[in-house]
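Working through the structure, step by step
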Amino acid sequence: MTDNATNGQMIVCPHCDALYRVRMPEFGERAVCKRCHTVLIAPRAHAMIRIVALSVTNLILVIAALFLPFLQISRAGFSNATSLMDAVLAFATGPLFVLSLAVGALIVVVPMLRMLLSIYVLAPMAFDRKPLPASKRAFRLFEALKPWSMAEIFVLGCGVALVKVSALAQVHLGSAFWMMCVLVVVVLLQDNMMCRWSIWNALERRK
Ligand SMILES: [Zn+2]
């Protein structure tokens with residue numbers, strides 16, 4: 001991000017409410033709260049294009065993971081393979097269809113929506129264009145949806161369940177399972193790379 005002008009802006013530490021006058025750190029440096037050491041600003045060179053690239057990666061991973069085999073269980077000659085799509089639709093026809101909706105939303109729709117929103121907000125700025133209309137609202141929604149994106153919790157839950165099931169039957173992990181594992185790491189990387197303050201600042205300045 002290249003918008004270095006700060007014009008006496010103030011910044012509040014989101015953790016301890018300490019107030020500071022903004023001095024933009026150089027790329028690779030970090031502005032840290034003196035009192036509680038929360039990172040306030042951490043600009044990185046080419047961060048936007050990298051975040052967009054990771055979002056595209058995530059989208060591809062989620063879409064592929066939907067249809068590829070997630071896991072296969074075999075016992076006494078019988079075997080059953082399932083994909084994420086099967087997991088989502090498992091309760092689609094009974095009174096538990098609400099559960100199907102919730103699972104689908106939390107592990108597929110919300111993560112995909114967040115990736116699309118981040119591409120919408122950051123891609124134009126990554127190529128030095130003006131932000132698209134309603135970019136601020138889109139970025140706010142991207143942040144608000146963060147606690148509802150539960151792909152990683154799903155992967156963790158599956159891991160725990162599989163340890164239990166593996167005592168009863170043979171379990172083979174499918175490619176979709178590993179894709180979801182990669183997704184968890186990529187989401188973490190992306191979150192770590194994203195300097196919220198720099199993005200809001202860029203959205204403010206380039207409108
Ligand atoms: Zn602080």
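Criteria and thresholds
Residues numbered from 1 in each chain as written. Predicted model: local features only at pLDDT ≥ 70, side-chain atom pairs only at ≥ 80, totals over all residues. Heavy atoms only, no water. Helix = DSSP H or I, 4+ residues; strand = E, 2+ residues; numbered from the N terminus. Buried < 20%, exposed > 50% of the residue type's maximum accessible area, 1.4 Å probe, protein only. Contact = heavy atoms within 4.5 Å. Areas by Shrake-Rupley, 256 points an atom, 1.4 Å probe, with all protein chains shown as cover. Pairing = 2+ DSSP bridges. Axes fitted to C-alpha atoms, helices over the stretch in contact; angles between N-to-C directions.

Going by what an unreviewed UniProt entry lists, the chain is known as Paraquat-inducible protein A and is assigned to Donghicola tyrosinivorans.

Looking only at helices and strands, one finds seven helices and seven strands in the chain. Its helices and strands in sequence order give the chain the pattern β-β-β-β-α-β-β-α-α-α-α-β-α-α, from N to C terminus. Projected onto the principal axes, the alpha-carbon positions of the chain cover approximately 70 × 35 × 30 Å. The buried share among the 207 residues of the chain stands at 38%. By sequence separation, contacts in the chain at least 24 residues apart represent 62% of the contacts at least 6 residues apart. Summed over all atoms, the accessible surface of the chain reaches about 12100 Å², with 66% contributed by carbon and sulfur.

In terms of strand pairing, strand β5 (residues 69–75) meets strand β6 (residues 78–83) through six bridges, oriented antiparallel. Each bridged residue has a counterpart across the sheet, and for Ile73 the counterpart in β6 is Asn80. Hairpin connection from β5 to β6: two residues lie between these consecutive antiparallel strands, with Ala76 at a positive phi of about 50 degrees. Both β5 and strand β7 (residues 170–173) contribute to a ladder of four bridges, which runs antiparallel.

A few words on the sheet that holds β7. Across the sheet, three strands lie side by side as β6-β5-β7; this open sheet has antiparallel pairing. Since the sheet does not close on itself, it has two edges, and those belong to β6 and β7, each with one partner. Within the sheet, the average angular offset between the axes of one strand and its neighbour, ignoring direction, is 15 degrees. Of the strands in this sheet, β5 and β7 are in contact with helix α5 (residues 151–165), which crosses β5 at around 10 degrees.

The next thing to look at is unusual backbone geometry. Phi angles above zero are rare outside glycine, and Asp17 is one such case at about 70 degrees. With respect to the secondary-structure elements, Asp17 resides in the loop between β1 (10–12) and β2 (19–21). Looking at Asp17, the relative accessible area reads 59%, which means it is exposed. Here Ala134, not a glycine, exhibits a phi torsion of approximately 60 degrees, which is positive. Relative to the helices and strands, Ala134 is located in the loop between α3 (97–126) and α4 (135–144).

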